[in-house]
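Read off the chains here:
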Amino acid sequence: MKVLVINLERSPARLEFMRQQFSSMGVEMERLNGVDGQTLSDADLEWHKSVRSGYHQRTRPQIGCTLSHRLAWKNVAEGGHDWVFICEDDVFIDPLAGALLASDGWLPGNIDILKAETTRQKIRTSLFSKNVGQGRRIARLLSNHAGSGGYYLHRNAAQKLLKLTSENFSEPTDETLFNPFMGVASHFRIFQMYPALCIQDFVLNRGHETPHLASLLEPARALHEQHTLAQTKPTGIPRLKKNLQQVLSASRVVDVPFGGNGLEPDIQQTTFKKTDLS
């Protein structure tokens, strides 16, 4: 299993933080030099703003993050590993999860992307799930789950991602990968791991963030969260229709915890149908 950590040259403390975590688990990591959005030209900035959907804020740090992940996808697409774990340099990794980073033999062969982090928001997944060991299960992700702090990406999916985002496309990485309503994620079989293998510092320690891990994207994230929370929720017939669709899709709402300290009772009892991974 290849582990790829996105890191900016101006963030050596973050890199050391990640090296210490992986080293303690006996896992080798590879650094990917990310794109520093602060170095983008004004022309580049305006181009990205001109092709965005209009729903998301596009700041220099956000655009740099998007371009960094595309470099990671290119690395995976052109590399010799079937699966690669990609993470940002401000995530805490569950120290008990080393086996899930040492080999890809536990990953089902017919999924494309596996989200391994949690942002502690309620999400919707398939009703049925698969036990992948180490106290964890995976289920198909059926709703938006913010964050691109850590995920497993298959080489074939990386190649397809590059094609789908090659022209006139500039959206936040997490919206591209994990929002089925943005148009790209719907092309892939995307699953969620729970409990999560990793969590970003600004989520785990919100209000008491680790100084050298302070998020470069947090101001823009706050604006997006305010916009999202302000949206009107469906009522009446639209709400009934939405609820019916959720029932017919055999899905469930879950909170994804961080860490491998045991599964929640209802998740432990979930059965698994092979057809859910087909």
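Residues numbered from 1 in each chain as written. Predicted model: local features only at pLDDT ≥ 70, side-chain atom pairs only at ≥ 80, totals over all residues. Heavy atoms only, no water.

A word on helix α5 (residues 155-164)
Three or more residues of α5 are buried, namely Ala157, Ala158, Leu161 and Leu162. Across the axial projection of α5, the buried residues extend over an arc of 140°, all falling on one side. (Buried < 20%, exposed > 50% of the residue type's maximum accessible area, 1.4 Å probe, protein only. Helix = DSSP H or I, 4+ residues; strand = E, 2+ residues; numbered from the N terminus. Arc of directions from axis to C-beta.)

Observations regarding the pairing of strand β1 (residues 2-7)
Burial within β1 is extensive, with six of its six residues counted as buried. Here β1 shows no split at all, with Lys2, Leu4 and Ile6 on one side and Val3, Val5 and Asn7 on the other all buried. Where β1 and strand β3 (residues 83-88) come together, five bridges link them in parallel fashion. Note on β3: the bridge partner recorded for valine 3 is phenylalanine 85. Note that β1 and strand β2 (residues 30-33) share four bridges and pair parallel. Within β2, the position partnered with leucine 4 by the bridge is glutamate 30. (Pairing = 2+ DSSP bridges.)

A word on unusual backbone geometry
Residues apart from glycine generally show negative phi values, whereas peptide bonds are mostly found in trans. Following tyrosine 194, the chain continues into proline 195 via a peptide bond in cis, with omega recorded as -10°. By secondary structure assignment, the location of proline 195 is in the loop between β10 (190-194) and β11 (198-200). Its identity as a non-glycine residue notwithstanding, arginine 120 has a phi of 60°, on the positive side. Structurally, arginine 120 can be placed in the loop between β5 (113-115) and β6 (122-126). For arginine 120, a relative accessible area of 48% gives the class partly exposed. In this structure, glutamine 134 is a non-glycine residue whose phi angle is positive, near 55°. As for its position among the elements, glutamine 134 is in the loop between β7 (130-133) and β8 (136-140). You can call glutamine 134 partly exposed: its relative accessible area is 43%.

Some points on the side chain of threonine 66
Mapping threonine 66 onto the fold places it in helix α3 (residues 60-78). Leaving out residues up to four positions away in the same chain, threonine 66 has contacts with Arg58, Glu171, Pro172 and Thr173. (Contact = heavy atoms within 4.5 Å.)

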